[in-house]
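# Understanding the architecture of this molecule
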Amino acid sequence: MNRRPKILVVGSFVMDLIVSTEKFPGSGETVLGKSFRTAPGGKGANQAVQAARLGADVTMVGKVGGDSFGRELIASAQAAGIRTQHILQDPDNPSAIGNILLEVSEGQKSKNRIIVVSGANMAITPDDVAFVRDIVSEFDMVMLQLEIPMQINELVAQYAFEKGVPVMLNSAPSAPLSAALLSHLTYISPNEHEAADLTGIPIRKEGKSVNRDDLDAVIASLRGKGVQNVIITLGSAGAVVAGDSGIDFSPCVDVVEVKDPTAAGDSFVGAFCTAVCAGLNQRQALDFANYTATITVSQMGAQPSLPHLADVIELMQREQFDGFDLGLLDILK
């Protein structure tokens, strides 16, 4: 490939309303918070922004409300260099919001609890995405998530599959998936909890050690449903990718203070897809994605925390990463 990778993201926009506190309130309890901020987010938009900041040529398809949050969400995508001509504004539904509660205690890793009110994201119709069938062959990858109607994901995955375009589904938030959708996926990327929901097989862990029998069973189950490649993020145990060529592990890059885990998974997926589309193999893409997500958790907010390519390369160089020649990333510059 001698051009920037082209990625189509069909997914969600969410305005995050972020409250930090030293202690999560219990039922009926009131606590004083430490801070409040807003930040553009949504799994689809986050992944699109991450891919764009890493050098991909990204087009986004989605729907926001005809309100100030909607205008801010589109503006954030445009600022990242995303092509936004296919983002619709819905006068009948509000933009989605995410109520994010962060528990921030000195000396402890931050924890979060999130409630999403879907708004315009769930108002996307088949007619809104029918044009994708005609343009999907222009792209190197289609990225999907589960914050929009399942019917839309199924249609877009089918359109891409019919044209031989790889499809990544970040299967979050957790939901049942049809056999048809699974059979159209090139990649699926659940975390360990979502993988257990999809297969009924919990993945046992002890610290950074993962039960290999559990992992093999989860992978076999998902691949048996027709998914070509399975990526599972395992928190402090790193991440794994499995396909016809075998299984590759990449350890957690535990070199930063975790300030906000929001959007870490989106950062990982956006980076993995960008790297694969740029020509890296799956193990190389896994390492690149882990370094990218590491920077994300060290900063506050969803899209504000997503790093640029230069930031990731700087961290890899500082940590003396030697898993692959960083010159392979030059196509993204």
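Scope of this entry: the structure provided in the associated data block.

## Description of the overall build of the chain
When its secondary structure is counted, the chain shows eleven helices and 15 strands. For 333 residues, the compact-globule formula gives about 20 Å, and the C-alpha radius of gyration of the chain, at 19 Å, lands near that figure. Over its C-alpha atoms, taken along the principal directions, the chain stretches across nearly 50 × 50 × 40 Å. Here the chain, with 333 residues, has 54% of them falling under the buried criterion.

## A few points about the packing of aromatic side chains
For the structure on display, the rule yields three aromatic pairs. Centre to centre, the rings of Tyr 187 and Phe 272 are 5.5 Å apart; their planes meet at 75°, and the pair counts as edge-to-face. Here Phe 272 lies in helix 9 (residues 264-277) and Tyr 187 lies in strand 10 (residues 187-188), a separation of 85 residues in the sequence. For the residue pair Tyr 187 and Phe 272, the accessibility class agrees, reading buried in each case. Considering the side-chain rings of Phe 321 and Phe 324, the 5.2 Å spacing of their centres and the 75° angle between planes classify their relative orientation as edge-to-face.

## Overview of the pairing of strand 13 (residues 229-233)
Most of strand 13 sits inside the fold, with four of its five residues counted as buried. Two elements, strand 10 and strand 13, share two bridges in a ladder whose sense is parallel. Bridge pairing in strand 13 links Tyr 187 to Asn 229. Alignment of strand 13 against strand 14 (residues 239-243), held across four bridges, turns out to be antiparallel. Looking at the pairing, Val 230 lines up with Ala 242 of strand 14. Once strand 13 ends, the chain turns through five residues before running back antiparallel as strand 14, passing Gly 235 with a positive phi of about 60°.

## Describing the sheet that holds strand 3 (residues 35-41)
Read across the open sheet, the four strands follow the order 3-2-6-7; overall the sheet is mixed. Each having just a single partner strand, strand 3 and strand 7 (111-117) make up the two edges of the open sheet. Neighbouring strand axes in the sheet, compared pairwise and without regard to direction, differ in orientation by 20° on average. In the packing of helix 2 (residues 68-79) onto the sheet, contacts are made with strand 2 (14-21), strand 3 and strand 6 (96-103), and the angle to strand 2 comes to roughly 95°.

The rules behind each value
Residues numbered from 1 in each chain as written. Predicted model: local features only at pLDDT ≥ 70, side-chain atom pairs only at ≥ 80, totals over all residues. Heavy atoms only, no water. Helix = DSSP H or I, 4+ residues; strand = E, 2+ residues; numbered from the N terminus. Rg over C-alpha atoms; globule rule 2.2 N^0.38 Å. Buried < 20%, exposed > 50% of the residue type's maximum accessible area, 1.4 Å probe, protein only. Phe/Tyr/Trp six-rings, centres within 6.5 Å; stacked < 30°, edge-to-face > 60°. Pairing = 2+ DSSP bridges. Axes fitted to C-alpha atoms, helices over the stretch in contact; angles between N-to-C directions. Contact = heavy atoms within 4.5 Å.

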